[in-house]
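Remarks on the overall topology
Residue-level listing of the chains:
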Amino acid sequence: FSQGVNQSLSGTDQVNAITNLHLATGRIGKPGAAPFSITGQPNAMGGREVGGLASSLAAHMDFAPANVARAARFWAAPNMATKPGLKAVDLFRELGNGRIKALWVMATNPAVSMPDAGRVREALAACSFVVVSDVIETTDTSVHAHVRLPAAAWGEKDGTVTNSDRTISRQRAFMAAPGDAKPDWWIIAEVGRRMGWKTAFSYDRPAEIWREHCRLSAYENDGTRLFALPGHAAKGNAEYDAMTPFRWGGAPFADGRFSTPDGRARLVPVGQKPVAAQLARWPMTLNTGRYRDQWHTMTRTGLSPKLARHREEPLVEIHPDDAVRLGIVDGGLARVTTPQGDSVFRASVVATQRIGELFVPIHWTDRTATGGRAGLLPRPLADPVSGQPGFKSTPVRIEAVATEWRGFVVVRGELASRPDCLWATRVAVPGGTAWDMAGNGDAAALDALLPKGQRIEAVDAARGSRRVAILEGSRLTAVLFVTRDGTLPPRDWLVAQLSEAVVAPTLLAGRAPGVQVDRGPIVCACFDVGLKIILAAIADQHLADVPAIGAALKAGTNCGSCRPALAKLLVTQGSAHVA
Ligand SMILES: Nc1nc2c(c(=O)[nH]1)N[C@H]1C(S)=C(S)[C@@H](COP(=O)(O)OP(=O)(O)OC[C@H]3O[C@@H](n4cnc5c(=O)[nH]c(N)nc54)[C@H](O)[C@@H]3O)O[C@H]1N2
Ligand SMILES: Nc1nc2c(c(=O)[nH]1)N[C@H]1C(S)=C(S)[C@@H](COP(=O)(O)OP(=O)(O)OC[C@H]3O[C@@H](n4cnc5c(=O)[nH]c(N)nc54)[C@H](O)[C@@H]3O)O[C@H]1N2
Ligand SMILES: [Mo]
């Protein structure tokens, strides 16, 4: 099970119901038969093992007095925290209430990813001391920082990660960290030393931290704490360096004994909350989640033109019946509103969406769009036990948004500032950036976005179209295409002009001389294979399965992410062999 179960206001009851069912039917501790929460963060399990949660100490110990006393003995720490800290939703509420005066945000982007993110942003802006450690200079959170600490990214640092199945692997740097960037452990230890704890934070390498972690896991452990790595505490630096991946814990519960005082499993009673009545003002339900080729708040994946090809923009998905009823058209803009806030998305009318529900992706931020902000919409409510927000079901309404003009700008590098119009969204393209835009009123103000240089312009007053190009010598630095009633050419060819030493004479026509091949939307990002090319090949070459498409076009033969999409195309084309 995944986040539809966990990230719910009754997530704890749902997970316990699943676990109870497995216990009652004896499906625990046997290969292939266990409840398994597919959590998504790389090293989410490692984070739990080291106690990176408000609700736990390190090494799988909670705040029971005996555990607090044990951790105090181990670290010779007289001043232990004796109760859980604030979980994320509570923490940002208290930040907003002014109870938290100083905040250090590390490796997360809460101004985007927390529920009711508009309020989170206000709370960050009002906090008197915010520190942000990130691998990217400017994020929606770091713009509120008083101190920014440059952190080394995963490929630049050394340590271990734990998979959800408890496999611990060494991770080794394969790139040098840029500039002053330092690993997070180094930054924390340095702050600890500067605060006066020179010995306690005297680590000079990850192997030392690893040995301490292993010692704590085994410390006063009579077997009731499953997490224990005693053998590793004595390993030297060379052994740590050469460590191969291993899974801790053997086959827990296979012998029918569980981590309870009497060793017996417990069924936890669960309750079914009554389904809340649909409210007239908020008649639909909003679901939020991920796109195949973007990661969370896009601070890193948003840099890649290749990854942008799959889905260039944040879309709100809506069922055709709902769309017709509400006057929403495929490709048009729509405003999605909840009591917490609103955001404008391009509508995608699809029969795969459930009637009465909307889906929006979580990835776009203030850096990458004027709208498309999913995080503004969910309620800041959480499951009472786990503290997980209910990200997947927010009462919502949607309405069509009309605009008078639409257009795009393509620029070498980045625009100096975000376009100031009703709707704009950024797309990474080879050699630069594109922004798709729509708005009302005079579009002339968009000219201010363009860099300086030699300017050529074409105007079609009848269609309200304007096309501007900025050149530097024979090379293109930017184009701006805007229209009220006319069509816009596909951006691809204009983007390719950024890389040409001499710009094409047909530039303002928006296309090369001669006939164009339209590849359609990109399905296979690795090999740049478009939908129309694939459909033509399926029909012309009688391709019958995914490997045959791979052999003919290479599509689906590298990372494999598009293989489900290819399989679906085969089914909809009616030529699939049933396997
Ligand atoms: N490409 C990409 N992959 C990622 C990530 C990413 O950002 N990009 N993030 C990673 C991370 S950190 C995580 S946590 C995972 C998340 O991975 P998932 O949890 O698999 O993905 P989500 O997109 O969050 O969608 C959760 C699913 O639950 C369904 N759902 C909603 N409500 C309910 C309900 O009441 N009951 C049931 N049974 N289902 C429901 C939704 O329709 C949706 O299909 O993805 C990981 N993988
Ligand atoms: N509405 C809605 N909201 C959601 C979800 C949803 O389904 N719906 N899903 C939720 C889930 S499951 C998750 S996991 C969160 C994800 O939300 P976040 O964790 O806030 O999102 P990321 O973009 O992964 O943020 C990680 C940040 O750390 C930086 N970073 C990367 N590597 C390092 C490093 O090694 N060190 C440091 N210091 N910084 C680093 C990145 O540049 C980025 O700014 O979003 C949650 N929010
Ligand atoms: Mo996650």
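So, here's what we can say about the structure. Computed from a predicted structure; not experimentally measured.

What follows deals with the site of ligand 2. In the vicinity of ligand 2 there are 27 residues, among which Ser-113, Asp-134, Lys-157, Asp-184 and Thr-297 approach most closely. Within the contact set of ligand 2, a nitrogen atom lies 3.0 Å away from a side-chain nitrogen or oxygen of Arg-290.

It is worth spelling out the site of ligand 1 at this point. Around ligand 1, a shell composed of 15 residues is seen, among which Gln-3, Asn-287, Arg-290, Gln-294 and Lys-392 lie nearest. Between an oxygen atom of ligand 1 and a side-chain N or O atom of Asn-287, the distance comes to 2.9 Å. Here a nitrogen atom of ligand 1 sits 2.6 Å away from a polar atom, N or O, in the main chain of Gln-294. Coverage of ligand 1 by the protein chains reaches 62% of its 920 Å² of free accessible surface. Contributions of two or more residues to the shell around ligand 1 are made by α1 (3–6) and β7 (284–289). Considering only residue class, the shell around ligand 1 consists of two nonpolar, ten polar and three charged.

Opposite charge on two side chains allows them to pair when their charged atoms are near. Taken as a whole and judged by the stated rule, the model has 37 salt bridges. Between Arg-170 and Asp-158 there is a salt bridge, with the nearest N and O atoms lying 3.3 Å from each other. Of this pair, Arg-170 sits in strand β5 (residues 167–171) while Asp-158 sits in the loop between β3 (147–150) and β4 (159–162); the two residues are twelve residues apart in sequence, bridging distant segments of the chain. Accessibility expressed as a relative area gives 8% for Arg-170, which makes it buried. Put simply, Arg-335 and Asp-342 hold a salt bridge, and the shortest N to O gap is 3.7 Å. The partly exposed category is assigned to Arg-335, whose relative accessible area is 24%. Ionic contacts of the salt-bridge type, sharing partners, join the residues Arg-121, Asp-140, Asp-366, Arg-367, Arg-373 and Arg-418 into one network.

The description of two helices packed together rests on the angle between their axes and the distance between the axes. Running from N to C, helix α5 (residues 88–96) and helix α7 (residues 117–126) cross one another at 50°; their axes reach a closest spacing of 8 Å. Relative to α7, the element α5 is oriented oblique. Here α5 runs over α7; the crossing is left-handed. Each of Phe-92, Leu-95 and Gly-96 in α5 lies in contact with α7, whose residues at this interface are Val-120, Ala-123 and Leu-124. Of the residues contributing to the contact of α5 with α7, the split by class is five nonpolar, one polar and no charged.

Definitions and cut-offs
Residues numbered from 1 in each chain as written. Chains lettered and ligands numbered in written order. Predicted model: local features only at pLDDT ≥ 70, side-chain atom pairs only at ≥ 80, totals over all residues. Heavy atoms only, no water. Near = heavy atom within 4 Å. Polar contact = N/O pair within 3.5 Å; in protein donor to acceptor, adjacent residues only side chain to side chain. Areas by Shrake-Rupley, 256 points an atom, 1.4 Å probe, with all protein chains shown as cover. Helix = DSSP H or I, 4+ residues; strand = E, 2+ residues; numbered from the N terminus. Nonpolar A, V, L, I, M, F, W, Y, C, P; charged D, E, K, R; others polar. Salt bridge = Lys/Arg side-chain N within 4 Å of Asp/Glu carboxyl O. Buried < 20%, exposed > 50% of the residue type's maximum accessible area, 1.4 Å probe, protein only. Axes fitted to C-alpha atoms, helices over the stretch in contact; angles between N-to-C directions. Parallel < 35°, antiparallel > 145°, perpendicular 65-115°, else oblique. Left-handed = near helix turned anticlockwise from the far one by under 90°. Contact = heavy atoms within 4.5 Å.

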